[in-house]
Amino acid sequence: MKHSGWQLLAVSSLLLGMLATAETRPQYGGTLHVSTRIAPASLDPSDNSQPDSVARRNLDRLMFDTLVTMDNRGRLQSSLATAWQAEPGNQRWQFSLRRGVKFHDGSPLTPEAVAASIRAANPGWNASAAVDSVIIEREAAAPDLPAELTRTRNAIAKRGPGGTVLGTGPFQVAEWQPGKKLRLSAEEGYWGGRAFLDAIEIEMGKSARDQLIALELRKTDIAEVATEQAQPAPTDGKRVRTSAPVELMALVFTRDKQSPEESKLRDALALSIDRASIRSVVLQGVGDPSGAILPNWVTGYAFVFPTDQNVGRARQERSEVHRVPGWSLRYDAGDPIARVIAERIALNARDAGITLQATTATDADLHLERLALASANPRVALRTVARELGLPEPKLSSDSVEELYQAEAAMLQTQQVVPLFQLPTSYALNANVQDWNQDRDGAWHLEYVWLVNKP
Amino acid sequence: MISPRQHAVYNSPIAEMLIPLPCFSSRASSLLLALCFWLTPLTYGADWSTPEQELARKIAAVTGPGTVALEVVDRASFNKKDVDDISRGLRVQLETLGLRTAKPEQAAATVQVSLSENLQSYVWVAEIHQGAGEFSVVMVTAPRLDEATFAGETAPLNIRKIPLWSQEERILDVAVLEEGSSPSHLAVLDPDKVALYRFTDGRWQKEQAMEVTHSRPWPRDMRGRLVMRQDHLLDAYLPGVFCQSSNRAPLTLTCRASDDPWPLSNQFTLGGFFAANRNFFTGVLSPGISKQTSTGKYYSAAPIPRQKYTLWMFATVDGQVHLLDGITDQTARWNWGSDIASVKTSCGSGWQVLATRAGDSSTDSVKAYELPDREPIPVSQAVDFAGGVMALWTEAKGSTAVAVSRNGETGNYEAFRLAITCGQ
C-alpha cells in the first residue's frame, strides 16, 4: 500500500511539474491546504493542556509573533521587540517594542498588552509595562530569557472573553472548528509584510495515511510524513523535506527509583536495547540512535553518551538483583510505530532477563514518549525537558558547553529517562508549493510560501 | 563539504566587501580575474592554537604527566588536512605540558578527541580513558569560522559577473556613482537606507547612510530602484514611497508616500506604476507606448529599439512575456524568469536582453538573448548565482546591469555588475 501510494504521488507530482509555469519571483494569492495529525482544542499558544509538538508550534507561528526569534544559526533576532537589554545580574530585562504593530482586531500592540500576555503564559514572572517597552523580572538570574521568549508558548496574545485569542502574526483566524479545521487569511497590514498566500486551510486530526492519500488526490498541498517513511526511494519523484532531529523518543519512568537494586535494573534495561536494529528495521534508517537528551546539532557532544547494546553487561547487572519485578511499558496507541518499538524493546529486555509488557494502559511503569525539542538554545531545551520529566531544573550559570554537558549527564544519572532516538519531522509537498522553508528545528515559514497554478 | 580551514576568515580586512575591487580593472584578463577570485579565500588561514592549547591543558589536568595515545576524529565539517593539522597542534601542546604521545599499548591513557560542532560553535570533545573503567570527558569550544564570503568564480564567457557589494541586509539596488578603472563610489539601497561607500586607502569605507522613512509596512519580496539624476545625486523608488536626495554634501534624503511611476529605462521615457503592497508593477504605463497605456501585471520590463519603434518586453506575473510595440500586445512563453533587463553594448546587434531562468528559485542564472525578430536567441552561456536573483536593473549608462541575489550558503545578499563581453 505504501509503495503504491508513493508511486501515485510520483506520477501526480510529475504531471504537476509539467503543468507548472515557472517564474522565479513569488506570486501572491491562492489557498494553501495543509493536513496535520494534531487536533488542538484551543488556539491559545500558552495553553499547557494542549500537548506540545513541532506541528502545534508551527500553527501558532502563523497567528502569533514572539518578542524575539531565533535564526538557523541560533542567533537571536528582533521580532515584536526591536531591542533588549539586561541590568547587571540578568534578572531584570527590558524589551523595546516595535512601533505600529496591531493585533488582528486592529487594536495596537501596547506594552500593557504584551506584559499581560507574558504574565498569562508565565504566572511566576513579573512583567510590567513601561514607555514603549516591557520590563520582565525573574526571581533569579535569567541570562537565557530572550531565548526563552523565542518559544511559541511565549507568543504575544490578546485574550478576550469566551477564550478568544488574538495575535499579531502574518495570518488571522477566519474560521475555527476546534480539533477539526482552521482557516486562516493573510493579514494585509502585517508588520513584516503581507504573506504571499491569501489563505491557509488546515485539516486536523488526520492520520499519516489519510494525509498521504489527500496529497495524492491533491486535496492537500502539505502532508506530514510518518517517521519511517521519510526516506523513500529516490525514484519516487515527490518532494519530501526533512528537518534536523527535533524530537527525542525515550523511555520515561513514571516514578523515582526506589533502591540500588532498581538502579541496576534500569541500567540493565538501558544496556539491553538494540537501537541500531530498531532504527534499521522499524524506523527504516530514519533518525539517530541517541544516549543523549539533546541532539548533537544543538550541543555538539551527544555522541559521548553511549548507545551500543551490551547484553552481556545487561545480564551482569540483572544478575546482581535478587528480586526482579515485571514492568509495563505504555505506548501511544495513536502512534503507528510506537507499538512496534515498544515490543522490540520488550524483546531486548527479555534477552537481559527483564520482563517488560507493552501496553496502552496509562498506569504503566514506563512510558515510551516523544519529547519535542523546546528550543535550539540547549540551555532552554534542557531546562524544559527537566520540567517535563519532573526533574530538578539544572542550574546553568554560563554558556559553557562543559557545564551543559555536566547538567545533562546529571539528568541521565537520575535514570528517569532512557534516550532512544533523535527523530526529524518530514513533510511531503505538492509541486505547486514554492519557496517552502523549514528551519533546522522544524519551524515553518509559510509567510514566504507561494503557489503556482493556484486555484 | 566546506573546509573550515580553507575558508577561514577571522579578521577579514574589509568586512562587507567581497574582494578588493582593484582586481577588476577593466583591462584585466579573464585569467587574472579568475585568480583574483580564486586566490583571495586561500590567503586566509585559521588559527586553532587557542582551542588546541585550552584542550591540551584540560587533558593534562586529567591525566597528569606521562604518556597518552591520541586519536583525533572528525564529526563536523573538517577535511583530512584540517584534522591532521589540529592533531599535530594538539600533540605539540600536550608535549609542552609534559605529556608524550605514544601507541595505545604503550600509553597510560587513551584520548579520543572528536572535532564536533553545534549550532553556534565548534565543540572539541576529549574522551579520556585511564586504567580500568576510568573515564573523563573534557571539552572546549571554538568560534565557527565565517562562511566563505565568496566562492570561486568560473571563467567568464559572454557575461562577466563582477562582484560589487555584499551585506547581510537585503540589497534592493546598487548604483555606481564614480569609477575609474573600477568602481570607487557606490550607493547601496536596502529597505532602511541608502548607504554611500567610498573606496579610500585600499578599503571601502561607509561615507554616509540616509534613512528611508516610510509609514506603511514594506511588502514581502520587497523591491526598490536607484536612479541617478543630473540635478541631484539620485532618486530612490520603493513600494509606495519616493525618495529624493539633496544636491550637495552632506546629502540628505527626503522620502514621501507616492504612487508615482517608476522609470522603466534610462534610455527611453516610460514609467510603470508599482503596486505599493505587492512585488509587481500594476501594468499601467505612463505615458504609454504610443497608444498602448497598459499591459498585464508584470515584474520587470526591457526595451529593444527597432528602426521605427521600440519593442518593449514585460515579464508578467503569469510567467509569460508580453511584447508591446505600440500597436499589438503579443504574448509568449519563453522559459524566462521574472527579471529581465536590456543592455546596449558593442557586441552582436548592439542590444541584448538579460533574463533570469525560469524555475526553482534556490539557484538561478542569467543568460543574454537577442531578438532579431520576435523570438529570443540565446547569445551567451548562462552565468550562475548561488541563490535566486532578486533584482536585475539596467545601470545608468545602459551598457551593464546590476543583479542581486541571496547566496544560499552564506545567507548574504550579493550585488554583481553584469557586463557583456564580445567574442569570447
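What you see is a predicted model, and the numbers here were worked out from it, not measured in a lab.

Within chain B, the secondary structure is distributed over 3 helices and 30 strands. When burial is assessed residue by residue, chain B has 40% of its 424 residues classed as buried. Contacts spanning at least 24 positions in sequence make up 50% of the contacts within chain B whose residues lie at least 6 apart.

On to the overall build of chain A, then. In terms of helices and strands, chain A carries 12 helices and 23 strands. For the C-alpha atoms alone, the extent of chain A along its principal axes is close to 70 × 60 × 40 Å. Split into buried and exposed, the 455 residues of chain A put 49% on the buried side. Looking at chain A alone, contacts between residues at least 24 apart form 69% of all its contacts between residues at least 6 apart.

This part takes up the domain arrangement of chain B. For chain B, the assigned domains read domain 1 (49-143) and domain 2 (159-420). For domain 1 of chain B versus domain 2 of chain B, the separation of C-alpha centres amounts to 53 Å.

A low pLDDT score tells you not to read the predicted coordinates there in detail. All names here are of chain A. Per-chain confidence: chain A averages 90 in pLDDT, with 93% of residues scoring 70 or above. Across chain A, the element-wise mean pLDDT spans from 40 in helix H1 (residues 2-19) up to 98 in strand S11 (residues 181-186). pLDDT under 50 marks residues 1-23. Its contacts with residues more than four places away, or in other chains, come to 40 contacts. A low-confidence stretch, residues 233-237 stays under pLDDT 50, and its non-local contacts, those more than four residues away or across chains, total 6 contacts.

Ranked by size, the top nonpolar core spans 153 residues in total, and within it A:Leu197, A:Ile200, A:Leu329, B:Val113, B:Trp124 and B:Met139 carry the most contacts. Not counting chain neighbours up to four residues away, the residues in contact with A:Leu329 comprise A:Ala342, A:Ile345, A:Ala346, A:Leu356, A:Gln357, A:Ala358, A:Thr359, A:Ala364, A:Leu366 and A:Leu368. Residues B:Val194, B:Ile304, B:Val353 and B:Val383 belong to the second largest nonpolar core, which totals 78 residues.

Residues and elements named next belong to chain A. Domain assignment breaks chain A into domain 1 (2-61 + 169-243 + 425-451), domain 2 (65-159) and domain 3 (247-423). Tallying the contact residues gives 12 residues for domain 1 and 14 residues for domain 3. Broken down by class, the residue content of the side of domain 1 that touches domain 3 amounts to 4 nonpolar, 4 polar and 4 charged.

Position of B:Ser399 among the secondary structure elements: in the loop between strand S28 (389-394) and strand S29 (400-406). Separated by 56 residues in the primary sequence, B:Ser399 and B:Val343 place their C-alpha atoms 4.8 Å from one another.

It is worth spelling out the environment of B:Ile159 at this point. All names here are of chain B. On the secondary structure map, Ile-159 appears in strand S6 (residues 159-167). Through-space distance from the C-alpha of Ile-159 to that of Cys-243 is 32 Å; in sequence the pair is 84 residues apart. For Ile-159, the residues in contact, after removing those within four places along its chain, are Val-366, Ala-368, Ser-380, Val-383, Leu-418 and Ile-420.

Attention now moves to the sheet that holds strand S7 (residues 173-179) of chain B. Residues and elements named next belong to chain B. The sheet built from 4 strands is open, its strands ordered S7-S8-S9-S10 with antiparallel pairing. What marks the edges here is a single partner per strand, and that holds for S7 and strand S10 (203-211). With strand direction ignored, the average angle separating the axes of adjacent strands in the sheet is 20 degrees. Pairing of strand S9 (residues 193-200) with S10, which is carried by 8 bridges, proceeds in the antiparallel orientation. The residue of S10 that forms the bridge with Val-194 is Met-210.

All names here are of chain A. On the secondary structure map, Leu-197 appears in the loop between S11 and strand S12 (199-203). Taking the C-alpha atoms as reference points, Leu-197 and Gln-27, 170 residues apart in sequence, are found 8.3 Å from one another. Setting aside anything within four residues of it in sequence, one finds Leu-197 in contact with Gly-30, Leu-32, Ala-186, Leu-446, Val-449, Trp-450 and Leu-451.

A few words on the interface of chain A and chain B. Contacts between the two partners involve 31 residues from chain A, matched on the other side by 37 residues from chain B. Where the side of chain A that touches chain B is concerned, the elements lending two or more residues are helix H8 (296-299) and helix H12 (401-413) of chain A. A per-class count over the side of chain A that touches chain B returns 15 nonpolar, 9 polar and 7 charged.

Quick look at the sheet that holds strand S5 (residues 92-97) of chain A now. Strand pairing within a sheet occurs via backbone hydrogen bonds; the two strands may be parallel or antiparallel. Residue and element names in this part refer to chain A. Ordered in space as S4-S5-S7-S6, the 4 strands form an open sheet in which the pairing is antiparallel. Each end of this open sheet is capped by a strand with a single partner; those strands are strand S4 (81-86) and strand S6 (126-130). Here the average twist between neighbouring strands, direction ignored, is 20 degrees. Sheet topology places S4 next to S5; 5 bridges connect them, and they run antiparallel. When the bridges of S5 are listed, Ala-83 appears paired with Ser-96. Docked against the sheet, helix H3 (residues 111-121) engages S5, S6 and strand S7 (133-137), running at close to 175 degrees with respect to S6.

This paragraph deals with the packing of helix H11 (residues 378-389) of chain A against H12(A). Two measures define how a pair of helices packs: the angle their axes make with one another and the distance between the axes. Residues and elements named next belong to chain A. At a closest axis distance of 11 Å, the pairing of H11 and H12 adopts a crossing angle of 15 degrees. Comparing the axis directions of H11 and H12 gives the class roughly parallel. Where H11 crosses over H12, the two elements pack in a sense that is left-handed. For the pair H11 and H12, contact is made by Pro-378, Arg-379, Leu-382 and Ala-386 and by Leu-404, Ala-407, Glu-408 and Met-411, respectively.

Bringing helix H10 (residues 338-351) of chain A into the picture now. Residues and elements named next belong to chain A. Counted at 1.5 Å a residue, the expected span for H10 with its 14 residues is 20 Å, and the 20 Å between its end C-alpha atoms agrees. Turning to H10, its buried residues number three or more, namely Ala-338, Ile-341, Ala-342, Ile-345, Asn-348 and Ala-349. Each buried residue of H10 lies within a common arc of 120 degrees when the element is viewed along its axis, so the set occupies one face. Within two residues after H10, Gly-353 carries a phi angle of roughly 90 degrees, on the positive side.

All names here are of chain B. Among the 6 residues of S28, 6 are classified as buried, and the element is accordingly described as predominantly covered. With 5 bridges joining them, S28 and S29 adopt antiparallel strand pairing. Directly across from Leu-392, in S29, lies its bridge partner Ala-403. Hairpin connection of S28 to S29: 5 residues between the antiparallel strands, including Gly-398 at a positive phi of 90 degrees.

So, on to unusual backbone geometry. Residue and element names in this part refer to chain B. Geometrically, the link from Ser-286 to Pro-287 is a cis peptide bond, its omega value of 0 degrees lying close to zero. Its identity is not glycine, yet Asp-221 carries a phi of approximately 50 degrees, on the positive side. You can see Asp-221 is positioned in the loop between S10 and strand S11 (225-228). Positioned with a positive phi, Asn-335 is a non-glycine residue whose angle comes to about 65 degrees. Tracing the sequence through the fold places Asn-335 in the loop between strand S22 (329-332) and strand S23 (336-344). On the basis of neighbour counts, which here come to 14 C-beta atoms within 10 Å, the residue Asn-335 falls in the partly exposed class.

About the cut-offs
- Residues numbered from 1 in each chain as written.
- Chains lettered and ligands numbered in written order.
- Predicted model: local features only at pLDDT ≥ 70, side-chain atom pairs only at ≥ 80, totals over all residues.
- Helix = DSSP H or I, 4+ residues; strand = E, 2+ residues; numbered from the N terminus.
- Buried ≥ 20, exposed ≤ 12 C-beta atoms within 10 Å, placed from the backbone.
- Contact = placed C-beta atoms within 7 Å.
- Domains from an automatic or database assignment.
- pLDDT = per-residue confidence, 0-100.
- Core = buried A, V, L, I, M, F, W, Y, C linked by C-beta atoms within 7 Å.
- Nonpolar A, V, L, I, M, F, W, Y, C, P; charged D, E, K, R; others polar.
- Pairing = 2+ DSSP bridges.
- Axes fitted to C-alpha atoms, helices over the stretch in contact; angles between N-to-C directions.
- Parallel < 35°, antiparallel > 145°, perpendicular 65-115°, else oblique.
- Left-handed = near helix turned anticlockwise from the far one by under 90°.
- Expected span 1.5 Å × (residues − 1).
- Arc of directions from axis to C-beta.

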